[in-house]
Amino acid sequence: LMGRSHTYRFPASGRTLTPEELSAEVLKSLKADVVRAGFECSAAVITVPAFFEIVQCEATHRAAKLAGLPEAPLLQEPIAAAIAYGKDATPHDGYWLVYDLGGGTFDVAIIKSTGGHLSIVDCGGDNFLGGKDFDWLVVERIFIPALARTFNLPGLARGNKTYNTLMAKLKSRAEEAKIALTAQEKFTVYLEGCGADRSGRPIELSIPVSRRDYEPLIEPSVAKTLRLSQEIIARARLSPSAIERVILVGGPTMTPAIRAAIRANLNISVDTRMDPITVVAQGAAIFASGQPFPHDRQTRSAGKLLVRLAFTALCQQ
C-alpha cells in the first residue's frame, strides 16, 4: 500500500498513520539500533520489490526522509540478491532466476548480467503468498483439529475473535514447527499457557508434526510459485538451459521439499551457497559500500587538502 492514501488507526495510542509513516517508524528503529552501536547514521540503502512502481518508490523516499535518512538510494531486491551471490564469482554474461519466497509475498525475476551490469529482464509473483500462509495451514489443518478433539472449544477458527489470543500462539508455534522441519523429519509442538477451554480445563497439549504432514499442505502453493516462474521464463523467451542458476531468497526456501520441487520442475541448477534470509541485506551492504556521499558533506578548510579516493565499483546497477 506504499504510495496510496490508505491509513491505519491504532486505538491504543489514538494515532492514525499512512503506510509511508509506518515505514518511517521501522526505519527510525533500525537507525536507532545503529546509533546505539556507536555509529552515525544519515544514509541507508533501502531494498524494494522489483515490481515497485514510481509512486511506491517515491513514498519509500519520503519515509526515509521522515526517519532522518535524507540519502536513501533504492535497490531492487533481485538485484541485491544477485550482487551477493556474484561477489565471489568471476564476472561473465548470462541469466539468473531469482526465486524469492518471503514471509508474505512471492517474487520471481530474471536477472541479466552484461559486462558487470545487472538488469531485470522480467519479474512477477504473488503479493498474497508466503511463509505466513504456510503457518496458517499448519494451524488450520493440524493444530485446530487436534485441539477440537481434546478440548471444549466451540467455534474454534481463525475468524472467531473469542480465540484471537489462542490463534496468535498457535501461529507462533506453527512457525516454530515449520522452521524445525527444515532440518529434521519430525518435531513435537508443546502447547501451554494458552488459557482454558469452556469447561475450565487448561489448554495444554503436545502435537507431533512431520514433513509427511507438512509438505502436502504447502504443495499447491509451491506449485503456483513454479507456474509463475515458468511463465516468466516463457515470457522472456528463454529456455531453462539458457538460465545458469536459480538464486534462492527468503526463509521458506530453506524447506527441502521446496528446493527439490524447484530442481525437478524448472530443470535449472539451484545455488544454495548463501543464507537466503540475509542475502538481500548482504547485497545491499555491498552496493552501499560503493555509494558516494554528496559533495556537500565534504568540508574544506584552510591549510588542508581534500583527498578523494576512488575504487573500482564492486557492482553496477
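Residues numbered from 1 in each chain as written. Predicted model: local features only at pLDDT ≥ 70, side-chain atom pairs only at ≥ 80, totals over all residues. Heavy atoms only, no water.

## Examining the side chain of Asp271
You can see Asp271 is positioned in strand S11 (residues 270-271). Asp271 gets classed as buried once you look at its relative accessible area, which sits at 9%. Side-chain polar atoms of Asp271 contact the backbone nitrogen of Arg273, separated by 3.0 Å. Once residues within four sequence positions are removed from consideration, Asp271 is found in contact with Tyr85, Arg245, Val246 and Leu248. (Helix = DSSP H or I, 4+ residues; strand = E, 2+ residues; numbered from the N terminus. Buried < 20%, exposed > 50% of the residue type's maximum accessible area, 1.4 Å probe, protein only. Polar contact = N/O pair within 3.5 Å; in protein donor to acceptor, adjacent residues only side chain to side chain. Contact = heavy atoms within 4.5 Å.)

## Considering the packing of aromatic side chains
Remark: the centre distance and the inter-plane angle together describe each pair of aromatic rings, the angle taken between the planes. For the structure shown, the criterion picks out one aromatic pair. For the cation-ring pair, Arg158 lies above Trp136, with the distance from its terminal atom to the ring centre recorded as 4.0 Å. (Phe/Tyr/Trp six-rings, centres within 6.5 Å; stacked < 30°, edge-to-face > 60°. Lys NZ or Arg CZ within 6 Å of the ring centre and 35° of its normal.)

## Some points on the side chain of Asp135
Structurally, the position occupied by Asp135 is in helix H4 (residues 131-150). A distance of 3.1 Å separates polar atoms of two side chains, one belonging to Asp135 and the other to Lys171. Discounting residues that sit within four places of it in the chain, Asp135 has contacts with Lys171, Ala174, Glu175 and Lys178.

## What about the state of the cysteines?
By the definition in use, this model includes zero disulfides. Looking at Cys123, it has no disulfide partner, and the nearest cysteine sulfur is the one in Cys57, 11 Å off. (Disulfide = S-S within 2.5 Å.)

## Description of the sheet that holds strand S7 (residues 117-126)
Taken in spatial order, the five strands line up as S7-S6-S5-S10-S11 in an open sheet, and their pairing is mixed. The outermost strands of the open sheet, each flanked by one partner alone, are S7 and S11. Relative to strand S10 (residues 243-249), strand S5 (residues 94-101) runs parallel, the two sharing six bridges. Looking at the pairing, Trp96 lines up with Arg245 of S10. (Pairing = 2+ DSSP bridges.)

## As for the environment of Ala44
As for its position among the elements, Ala44 is in the loop between helix H1 (19-36) and strand S3 (46-48). Those residues in contact with Ala44, other than ones at most four positions away along the chain, are Leu69, Glu71, Ala72 and Pro73.

## Topic: the nonpolar core
Proteins that are soluble and globular tend to have nonpolar side chains buried together. Counting 74 residues, the largest nonpolar core has Tyr99, Phe143, Val246 and Ile262 as its most contacted members. The leading source of residues in this core is H4, at 10 residues. Ranked by size, the runner-up nonpolar core spans 13 residues in total, among them Cys41, Ala59, Ala67 and Leu69. (Core = buried A, V, L, I, M, F, W, Y, C linked by side-chain atoms within 4.5 Å.)

## A closer look at a nonpolar patch on the surface
A contiguous nonpolar patch, built from Leu1, Tyr8 and Phe10 and spanning about 250 Å² of accessible area, is present on the exposed surface. Following the sequence through the fold, Leu1 ends up in the segment before strand S1 (8-10). Exposure remark for Leu1: the relative accessible area of 44% places this residue in the partly exposed category. (Patch = residues over 30% accessible without salt bridge, like charges linked within 9 Å, V, L, I, M, F, W, Y side chains within 5 Å. Areas by Shrake-Rupley, 256 points an atom, 1.4 Å probe, with all protein chains shown as cover. Salt bridge = Lys/Arg side-chain N within 4 Å of Asp/Glu carboxyl O.)

## Quick notes on unusual backbone geometry
Unusually for a residue other than glycine, Arg237 sits at a positive phi of about 55 degrees. Here Arg237 lies in the loop between helix H6 (211-235) and S10. Its relative accessible area of 80% is what places Arg237 among the exposed residues. Phi angles above zero are rare outside glycine, and Asn267 is one such case at about 55 degrees. Mapped onto the elements of the fold, Asn267 is located in the loop between helix H7 (256-266) and S11. Assessed through its relative accessible area of 63%, Asn267 is described here as exposed.

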